[in-house]
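Descriptive structure summary
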Number of protein chains: 2
Amino acid sequence: MMELESCVPPGFRFHPTEEELVGYYLQRKINSLRIDLNVIVEIDLYKMEPWDIQARGNGEQSEWYFFSYKDRKYPTGTRTNRATAAGFWKATGRDKSVLSKNKIIGMRKTLVFYKGRAPNGLWDDYI
Amino acid sequence: MMELESCVPPGFRFHPTEEELVGYYLQRKINSLRIDLNVIVEIDLYKMEPWDIQARGNGEQSEWYFFSYKDRKYPTGTRTNRATAAGFWKATGRDKSVLSKNKIIGMRKTLVFYKGRAPNGLWDDYI
């Protein structure tokens, strides 16, 4: 998943804070700025199943970071479509603000994966 | 504690494995080879008290890494002197082997700090 170059010495691991994820990585991504080491790859979360994401992680990590676009349910609407071929992602819990210098710079959503189609999807253990 | 240069992108933290600590960092230190970022500084563990070590850590970290020489109790002996001005460090538990490719490259010792002088030192909460 990560393409580490020689510039990061041994012993360093990618454990970003939420502020770094939104304030640095997402910010640069949105502005099409170069991101060193290509540490967060872009995927289409709705073109793959959660078990495929896990398979793409390398053995050492227990967390993975991706960029993915939101897919709209209807071209003119704001509702997001979170269906995959085998199921769908559904928000759970409260959104959490991501702060930088006491300013909200983003929101963290937690999604749970259900197999099948709403509203009768079977909850699966991917969060 | 760490002097991070621009080459480590945001979100990377120093979380080395024991194999990296011994097989890379200690190995280079012993051979007087350059260590990038000076990420492990040299201290004399017996010239300072544990609460001074904690004070030297920066706020973000919960673990610190140092190089320190072993101090011999007697110039000709092999027993180590682990006394500081206020107390002493004492080994606890079993030593743990550090492996690299199934070969033992080092041993990890856990030391506990006692205030006062042996054998009546008071156990203190520094490990």
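Description of the structure in this document. Quick caveat, the model's predicted, so the values are computed rather than measured. (Residues numbered from 1 in each chain as written. Chains lettered and ligands numbered in written order. Predicted model: local features only at pLDDT ≥ 70, side-chain atom pairs only at ≥ 80, totals over all residues. Heavy atoms only, no water.)

Brief notes about the relation of the copies chain A and chain B
With an RMSD of 0.0 Å, the fit of chain A onto chain B corresponds to turning through 180 degrees and sliding 0.0 Å along the axis. Given the turn and translation reported, the copies of this chain are related as if by a two-fold rotation axis. Comparing interface residues between copies, 100% of those in chain A also sit at the interface in chain B, which points to an isologous, same-surface contact. (Least-squares fit on C-alpha atoms with pLDDT ≥ 70 in both. Contact = heavy atoms within 4.5 Å.)

As for the interface of chain A and chain B
Listed as interface residues are 19 residues of chain A and, on the opposing side, 19 residues of chain B. By the criterion of area lost to chain B, the three top residues of chain A are Pro10, Phe12 and Arg13 of chain A, representing 39% of everything that side buries. Across the contact surface, chain A and chain B share two salt bridges. If you look at where chain A meets chain B, you find nine residue pairs in polar contact (both at pLDDT 80 or more). Within the residue set of the side of chain A that touches chain B, elements represented by two or more residues are β1 (12-14) and α1 (18-30) of chain A. Pairing between β1 of chain A and strand β1 (residues 12-14) of chain B: three bridges, direction antiparallel. (Buried area = accessible area lost by both parts, 1.4 Å probe. Salt bridge = Lys/Arg side-chain N within 4 Å of Asp/Glu carboxyl O. Polar contact = N/O pair within 3.5 Å; in protein donor to acceptor, adjacent residues only side chain to side chain. Helix = DSSP H or I, 4+ residues; strand = E, 2+ residues; numbered from the N terminus. Pairing = 2+ DSSP bridges.)

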